[in-house]
Amino acid sequence: SPRLLAGRPGAGSVGAAAAAEPVPGADRGPSGAAGSGAPRGGAGGGAPGPGPGGAADPPELRGAPGAAGRRGPGAARAEGQRSGRAQPRGPPEDGRAARLRGAEEPRLSSTTFALTGDAAHNQAMVHWSGHNSSVILILTKLYDFNLGSVTESSLWRSTDYGTTYEKLNDKVGLKTVLSYLYVSPTNKRKIMLLSDPEIESSILISSDEGATYQKYRLNFYIQSLLFHPKQEEWILAYSLDQKLYGSMDFGRKWQLMHERVTPNRFYWSVAGLDKEPDLVHMEARTADGYTHYLTCRIQECSETKRSGPFSRSIDVSSLVVQDEYIFIQVTTGGRATYYVSYRREPFAQIKLPKYSLPKDMHIISTDENQVFAAVQEWNQNDTYNLYISDTRGVYFTLALENVKSSRGLEGNIVIDLYEVAGIKGIFLANRKIDDQIKTFITYNKGRDWRLLQAPDTDLRGDPVLCQLPFCSLHLRLQLSENPYTSGSISSKETAPGLLVATGNIGSELSYTDVGVFISSDGGNSWRQIFEEEYNVWFLDWGGALVAMKHTSVPIRHMWLSFDEGRSWTKYSFTSTPLFVDGSLVDPGIETQIMTVFGHFSLRSEWQLVKVDYKSLFGRRCSKDDYQTWHLHNQGEPCVMGERKIYKKRKPGAQCSLGRDYSQTVVSEPCVCGQGDFECDYGYERHSNNQCIPAFWFSPSSLSKDCNIGQNYWNSTGYRRIVSNNCTDGLRDKYMAKMEKCPGKAPRGLHILTSDGKLVMEQGHNATFVILMEEGDLQRTNIQLDFGDGIAVSYANFSPVEDGIRHVYRSAGIFQVTAYAENSLGSDTAVLFLHVVCPVEHVHLSVPFVAIRNKDVNITAVVWPSQAGTLTYFWWFGNSTKPLITLESSISYMFTVEGMNTVTVQVAGGNTLIQDSKEIAVHEYFQSQLLSFSPNLDYHNPDIPEWRQDIGKVIKRALVTGIPDEQILVAVFPGLPTSAELFILPHKNTTERRKSSEADLEQVVEILFNALNQNLVQFELKPGVEVVVYVTQLTLAPLVDSSSSHSSSAMLMLLSVVFVGLAVFLIYKFKRFKVSLLCDIFSH
């Protein structure tokens, strides 16, 4: 079914659901290569992990291969591992770089520290406080893949930027096994450690950057944590058994908030939007079994204190709270409908193009008061279409078709879209065209896209023959979720215009023949810097680049560039080659220190190499070290409606900007041109660059919510791109015009139930929703007739926006009619609602013996009798297809002699019950009613099993020299105890009919003589003798298929009456309470 998924999980800016400081981890793979690591984390993964709910996770580094992360700032989350890696060319360290400086090998200032005693540990998690702090924390672990748990751990702490480390196992408890490390996003001094749940459930808390700890036991097992974006003491914890807990003292005390919360679908309040700072948004399963969107305060979350901002149930795992927006999904009839609330306003249905018919939807970005969404439409399998919304997130227009998608290791969807950091409006996307993947770029938020121009020359200075559109540059758009690798593409807010990416030149994207490319002008032009894969990091506001080869063999060199990749210098950072598991760069803005994690061999300790680049910058930058850079789009200076001029360091200036540096941007608005406007909802751009209404769209429909006397914005078919700052020019021509609301008669009236179902249980609330496509909502009278003699009316639509509730007191099918009328016309809508009282039991009433080729009446007796409209499914003999009726009785003719099985299933609402019986079918037979001495009634519990056993006892008492298959005894339900004796012909006697009839008469005479003389009796239990009598009724004559009389029918009808009456009395006695309830509703 379609799913609504959020982007940017776990980020502090996402819907104010601030996550813990990302505490990365490293896995050590075989032969020194980066390994895949333990399958920890992830939504519902049984360990702390991020998900669309924003639950914080300290992710473990997946080694050199990396995992695809979210697509740039505010882009969609994508976790999958890279699809492939280029094979190294030549010796391990002979990757060719642009114009290498000198032959002498310089060395970087570095120190190495070994985590002694942790050689067996195969995972590590690291936190570097940064921001004027020299503290680094490292948690190493031995993860047992067979047990699926951590068996050993060590905690290390450095106070000198990683030069030396102290082991803290004695401070956390020598026997304590730690599994995860969390850091408060608002106070980096506050640290939380989780013990491994396989051993104990406890947390360790530090308020001094991990110097000392206090241990607290828990009565639940934490799967993920979510820190408040403003209050450092407030935390949400999600347990392994789907319970949500809240703490307002940094985990010292916890309070249960809800017991059935969907994994990773809980969020903190957003400042400026939610009234209370401790409000929590959550998706939870309520007592009715449905999933709902709920809100409550952290200390006031009892059932009576919770609120439901959306009145109906929602799809599982569909709640997304992100920035100003809240998204939910509701599926009815196999089709998903999406709703959005902007700035906590009432929910509105999201409007995609009418025939997009989405199978899947991902919220990619909600930056700058606009929603970027990826939608997989009904005819797509491995691609998505990109849509962009208006400010309220309601009306979406197409931005780009057929964007490449893939699945990550945990089944998550990876969308190949990247938002360039530092400059608004620039996106890169990989689009599928004729089975080829090509990279496109936009400078106006998706209005216009073009291919990337390949570099003019290669690394050797030779011309590159690549002619658009047949050949272009293609990039991998996967940002590593693993903070120890740079990912296949990177850009920084602090270095606008600078992009580094892995890719290839050709007709399509390749994952084998790859190199590294760089752009210094926001993607307009590109240069190749390496012929193989490298991780590239930004230092000191982007003033320097450091590159490390992406390889599985040991290395000891890095490459540095101070001129935006035009030239590189090779430096050694360690004397002994190191298997590199990952690198962590100082998280501060200056970024002049790096820690490299690795080991010398598979069984050696973790080696931590601290690399200090400060000495390379030499001096502080002066005004002569800066130059201006004009942002442009292929020479067009106006980008997103303004001209921007940036001050940036000159390439080659080997100076430091420092912490107090502030970016200088000069901007001025441009005159609005056609490129500043995109097509409005319902309009499509044609070849003449004009926006024309789509075939399914009526422009007048935009005024349907408009009331007489009010004004509305009448679209011209265009809308200015959100965040575009252009002025004048075509603005007045293309901007929507304010007009008086036209009067309209009601049209397109619809009535439906809140949950989309047409079956309702008697005595329960039925909520009806009335929708109208056109008409004056404030001046249209609404009447709703429930079909049971009760109707309500309203002067306008305001009172019915949240639905109209009604309780039906009887079962049946009711015609519910909605009628809307104003001075200009009227409209009607009808719905047929099935109201049922749940069926609890069915008894199949059949004759015990039937005549072949003659109709037999069969009845299903259902309790309670006032259950409403039921459907009956009948199976006879060996038939595989049922007969279906709405009546509880059916007439059937058996054509095969012998024992025939009859099965009935009764469907009512969500209930399906069944009963089966066997019927003996013969050409002819005789029968007689039997009664018993009164003492049998005292021992009669009146249950089917007892009646079957008593029938067998009577049969044994009767059979004296008579073949067993010729006697059938059926005991009736109810009191006094009675039965019917059937004397059947001998098998295979059809050919000798007359002699068989004579034999049958002889058997009847023998049995009746014995019965009349009270010779038939049996011992029920010691001391209890029961005598069998012939009931004083006329003996039924011989019955066969040629007989014209109806004595057998009389006996069968009598049997049915006995059964029906007995069943009613029995079950009314046993189910008195439920029967009384249904009787009350039915009367």
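Here is what the cut-offs are and how they apply
- Residues numbered from 1 in each chain as written.
- Predicted model: local features only at pLDDT ≥ 70, side-chain atom pairs only at ≥ 80, totals over all residues.
- Heavy atoms only, no water.
- Helix = DSSP H or I, 4+ residues; strand = E, 2+ residues; numbered from the N terminus.
- Buried < 20%, exposed > 50% of the residue type's maximum accessible area, 1.4 Å probe, protein only.
- Contact = heavy atoms within 4.5 Å.
- Areas by Shrake-Rupley, 256 points an atom, 1.4 Å probe, with all protein chains shown as cover.
- Pairing = 2+ DSSP bridges.
- Phe/Tyr/Trp six-rings, centres within 6.5 Å; stacked < 30°, edge-to-face > 60°.
- Lys NZ or Arg CZ within 6 Å of the ring centre and 35° of its normal.
- Core = buried A, V, L, I, M, F, W, Y, C linked by side-chain atoms within 4.5 Å.
- Disulfide = S-S within 2.5 Å.
- Axes fitted to C-alpha atoms, helices over the stretch in contact; angles between N-to-C directions.
- Lys, Arg positive; Asp, Glu negative; His and termini not counted.
- Salt bridge = Lys/Arg side-chain N within 4 Å of Asp/Glu carboxyl O.
- Polar contact = N/O pair within 3.5 Å; in protein donor to acceptor, adjacent residues only side chain to side chain.

A. Representation of the overall build of the protein chain. Looking only at helices and strands, the protein chain features 8 helices and 76 strands. Across the 1083 residues that make up the protein chain, the buried fraction comes to 56%. Taking the contacts inside the protein chain whose residues are at least 6 apart along the sequence as the reference set, 58% of them involve residues at least 24 apart. Taken as a whole, the protein chain presents about 45,800 Å² of accessible surface, with 50% of it coming from carbon and sulfur.

B. Molecular detail of the pairing of strand E17 (residues 279–285). Counted residue by residue, E17 has 6 buried out of 7 residues, so it is predominantly covered. The pairing of strand E16 (residues 261–268) with E17 spans 4 bridges and is classified as antiparallel. Residue pairing for E17: Val261 is matched across the bridge by Ala284. Between the antiparallel neighbours E17 and strand E18 (residues 291–297) lie 5 residues, among them Gly289 with a positive phi of about 90 degrees.

C. Focus on the packing of aromatic side chains. As enumerated under the stated definition, the model contains 38 aromatic pairs in all. Plain terms: the ring middles of Phe530 and Tyr534 are 3.9 Å apart, the flat faces sit at 15 degrees to each other, and that makes the pair stacked. Looking at Phe530, the relative accessible area reads 0%, which means it is buried. Ring geometry for Tyr718 against Tyr734: centres 4.1 Å apart, planes inclined by 25 degrees, an arrangement best described as stacked. One end of the pair, Tyr718, is in strand E53 (residues 718–720); the other, Tyr734, is in helix H3 (residues 731–734), and 16 residues separate them in sequence. Like Tyr734, Tyr718 is buried. Ring pairs connect the aromatic residues Tyr395, Tyr681, Tyr683, Trp696 and Phe697, which therefore count as one cluster. Sitting over the ring of Tyr626, Lys647 keeps its end group 4.6 Å from the ring centre.

D. Spatial organisation of the nonpolar core. Judged by nonpolar contacts, the single largest core of 30 residues is most densely connected at Met192, Tyr213, Leu225 and Trp254. Those elements that provide at least two residues to this core are strand E5 (136–144), strand E8 (178–183), strand E9 (191–195), strand E10 (202–206), strand E12 (222–227) and strand E13 (235–239). By residue number, the principal contributor to this core is E8, which donates 5 residues.

E. Spotlight on the state of the cysteines. Applying the stated criterion across every chain, the model contains 6 disulfides. The partner cysteine of Cys466 in its disulfide is Cys471, sulfur to sulfur 1.9 Å. Since a negative S-S torsion denotes a left-handed disulfide, the Cys466-Cys471 link at about -105 degrees is left-handed. By relative accessible area, Cys466 is classed as buried at 12%. Disulfide partner of Cys679: Cys691, at an S-S distance of 2.0 Å. Linking Cys679 and Cys691, the disulfide has an S-S dihedral of approximately -85 degrees and is accordingly described as left-handed. Placement of Cys679 in strand E49 (residues 677–679) and of Cys691 in strand E51 (residues 691–693) is noted, with a sequence separation of 12 residues between them. Of the two residues, Cys679 and Cys691, neither departs from the other in class, the shared state being buried.

F. Molecular detail of the sheet that holds strand E43 (residues 606–612). Read across the open sheet, the 4 strands follow the order E3-E43-E42-E41; overall the sheet is antiparallel. Two strands close off the open sheet at either side, each with one partner strand: strand E3 (109–115) and strand E41 (579–585). Neighbour to neighbour, the strand axes of the sheet diverge by 20 degrees on average, direction disregarded. Across 7 bridges, the pairing between E3 and E43 is antiparallel. Bridge pairing links Ala114 to Gln607 in E43.

G. How the structure looks around the side chain of Asp315. Positionally, Asp315 belongs in the loop between E18 and strand E19 (320–322). The side chain of Asp315 sits in the buried core without any salt bridge; Arg312 is the nearest counter-charge, 8.5 Å away. A polar contact of 2.4 Å, which involves the side chain of Asp315, links it to the side chain of Thr331. With sequence-adjacent residues up to four places away left out, Asp315 is seen in contact with Glu283, Thr291, Gln329, Val330 and Thr331.

H. Layout of unusual backbone geometry. Across the junction of Leu468 and Pro469, the peptide omega takes the value 0 degrees, indicating a cis bond. Note that Pro469 resides in the loop between strand E31 (450–451) and strand E32 (472–475). Following Leu975, the chain continues to Pro976 via a peptide bond in cis, the omega torsion being -5 degrees. With respect to the helices and strands, Pro976 occurs in the loop between strand E72 (967–971) and strand E73 (978–983). At Glu368, a residue that is not glycine, the phi angle is positive and equals roughly 55 degrees. Tracing the chain through its elements places Glu368 in the loop between strand E23 (360–365) and strand E24 (372–376).

I. Quick look at the side chain of Thr574. By the secondary structure assignment, Thr574 is in the loop between strand E40 (569–572) and E41. Residue classification places Thr574 among the buried positions, given a relative accessible area of 5%. In terms of polar contacts, Thr574 uses its side chain to reach the backbone carbonyl oxygen of Thr576, at 3.3 Å.

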